[in-house]
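Read off the chains here:
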Amino acid sequence: INLREQTGRIMNSFFKYTLILSFTFFYSCTVPDNCYKANNSEMDDEEYEIISSGLEWFLRDYKDGNYLTEDENYDSTYSGNKRLKVLLVPDSTNIEAIHEGHIKYHQMFDSSDNYITRGVDKVNRKQYPVNGNKITTFETIILSGEDKHLSETMGFKDLYKKYPEGWGIVTFSRPVYDLKTKHAALYLRFSKNGKWAKIVYMWLTKDSGKWVPYDMLDLYVV
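Think of each chain on its own: its residues are numbered from 1, step by step along the sequence as written. Note on the predicted model: pLDDT of at least 70 is required for a residue's local features to be given, and 80 or more for side-chain atom pairs to be given and counted; whole-chain, interface and lining totals, by contrast, use all residues. With hydrogens and water excluded, all non-hydrogen atoms of the structure serve as input to the side-chain values.

1. Some thoughts on the environment of Thr 153
Helix numbers and strand numbers start at the N terminus; a helix is a DSSP run of H or I with at least 4 residues, a strand a run of E with at least 2. Within the secondary structure layout, Thr 153 lies in the loop between helix H6 (145-152) and helix H7 (156-162). A 1.4 Å probe rolled over the protein chains alone gives each residue an accessible area, and that area as a share of the maximum for its type sets the label: buried under 20%, exposed over 50%, partly exposed in between. The class of Thr 153 is partly exposed, set by a relative accessible area of 40%. C-alpha separation for the pair Thr 153 and Gly 194, spaced 41 residues apart in sequence, amounts to 8.4 Å. We call two N or O atoms a polar contact when they sit within 3.5 Å, provided that within protein one can donate a hydrogen and the other can accept it, with sequence-adjacent residues counted only if both atoms are side-chain atoms. A distance of 2.6 Å separates a polar side-chain atom of Thr 153 from the backbone oxygen of His 149.

2. Some details on helix H2 (residues 45-58)
Given a helix with a known number of residues, its expected span is that number minus one, times 1.5 Å. Taking 1.5 Å per residue, 14 residues should reach 20 Å; H2 reaches 20 Å between its end C-alpha atoms and fits that length. Among the 14 residues of H2, ten are classified as buried, and the element is accordingly described as predominantly covered. Between the side-chain oxygen of the N-cap and the backbone nitrogen of Glu 46 there are 3.1 Å, and the N-cap of H2 in question is Asp 44.

3. Concerning the pattern of salt bridges
Salt bridges are defined as contacts in which a side-chain nitrogen from Lys or Arg sits within 4 Å of a carboxyl oxygen from Asp or Glu. Within the structure shown, the criterion is met by seven salt bridges. The partner of Arg 174 in a salt bridge is Glu 47, with the nearest N and O atoms 2.7 Å apart. Taken as a pair, Arg 174 in the loop between strand S3 (166-172) and strand S4 (176-178) and Glu 47 in helix H2 lie far apart in primary sequence, 127 residues in all.

4. Observations regarding the side chain of Ser 92
With respect to the helices, strands and loops of the structure, Ser 92 is situated in the loop between strand S1 (86-90) and helix H4 (100-109). Here the side chain of Ser 92 touches Gln 127 through a polar contact of 3.4 Å, side chain to side chain. Side chain to side chain, Ser 92 and Lys 148 meet in a polar contact 3.3 Å long.

5. Topic: unusual backbone geometry
Its identity as a non-glycine residue notwithstanding, Lys 182 has a phi of 60 degrees, on the positive side. Along the polypeptide, Lys 182 turns up in the loop between S4 and strand S5 (183-191). In this structure, Ser 208 takes a positive phi of about 55 degrees despite not being glycine. Within the element layout of this structure, Ser 208 appears in the loop between strand S6 (197-207) and strand S7 (210-221).

6. What to know about the layout of surface pockets
Every definition here rests on a 1 Å grid over the protein atoms only: cavities are sets of points where a 1.4 Å probe fits but cannot get out, pockets are open sets enclosed by protein on both sides within 12 Å along at least five of seven lines, and lining residues have some atom within 4 Å of a point. Grid points are joined across faces, edges and corners, and a volume is the space filled by probe spheres set on the points. When its volume is computed, the second largest pocket comes out at roughly 360 Å³. In terms of lining residues, the second largest pocket is bounded by 24 residues, among which Ser 151, Glu 152, Ile 169, Thr 171 and Arg 189 are the most central. Breaking the lining of the second largest pocket down by element, the ones donating at least two residues are H6, S3 and S5. We call Asp, Glu, Lys and Arg charged. Ala, Val, Leu, Ile, Met, Phe, Trp, Tyr, Cys and Pro are nonpolar, and the rest, Gly among them, are polar. Considering only residue class, the lining of the second largest pocket consists of ten nonpolar, nine polar and five charged.

7. Some words on the confidence of the model for the chain
Every residue is assigned a pLDDT by the predictor, reflecting its confidence on a scale from 0 to 100. Looking at the chain as a whole, its pLDDT mean stands at 78, while 72% of the residues score no less than 70. It only takes one pair of heavy atoms within 4.5 Å for two residues to be counted as in contact. Residue range residues 17-29 is modelled with pLDDT below 50. Its contacts to residues more than four positions away, or to other chains, number three contacts. Confidence drops under a pLDDT of 50 for residues 73-81, and excluding neighbours within four residues, the segment shows 21 contacts in the predicted structure.

8. Details of the nonpolar core
Grouped together as the largest cluster of nonpolar side chains are 27 residues, with contacts concentrated most on Leu 55, Leu 59, Leu 87, Val 170, Phe 172, Leu 188 and Phe 190. Counting residues per element, the ones that place at least two in this core are H2, S1, S3, S5 and S6. Residue contributions to this core peak at five residues, all from H2. In this structure Leu 188 touches Gly 54, Leu 55, Phe 58, Thr 171, Phe 172, Lys 198, Ile 199, Val 200 and Met 202, once residues within four positions along its chain are discounted. Ile 95, Ile 116, Val 123 and Tyr 128 belong to the second-largest nonpolar core, a separate cluster that totals 16 residues. Buried Ala, Val, Leu, Ile, Met, Phe, Trp, Tyr and Cys residues that are joined via side-chain atoms within 4.5 Å together make up what is termed a nonpolar core.

Put into structure tokens, the structure is as follows:
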């Protein structure tokens, strides 16, 4: 085989490989606004708007202090106040898998956003850092190191003694959104003392420049 033939074969193989990679990338990016996520470890401003609005709607029933746990009613060491002011937030996103039954239940209401719903699980197969300063609807304290360990190992009394202004611990997924359809979805989890937690999937639409929910499913309350 002469040099020209060898060069031709190499170029032909390179061209085929490039086509395969390009096809795989565009096929996997069913939500154009989220295609960058594969290579971007930080959430953008739009995602923080979705998270901020989602938290506002998710926790609005708790803001007036009427939803207290049994321990809080009898033990003030869990929190220095009875109204939601400051949230404790782990330093990275986290998620529990959504059951297929929940997806089908939501599809009965709206099946057009299925690619967004399933994208939440796909995008959140890894964790992403959280910047508490970008959450606009609540003041936050980001938990890392020993503080995060306390939040995960039933050390809640010590945690609330250290942060008496803290009202509860919230974790959430990285949102998935599509600006063309103005739809988004995310996972939210809220707990106070490790004995119970409220967990939801929320779907939002952008209306007059603000993200508002159009469906929410309770995964479970434990």
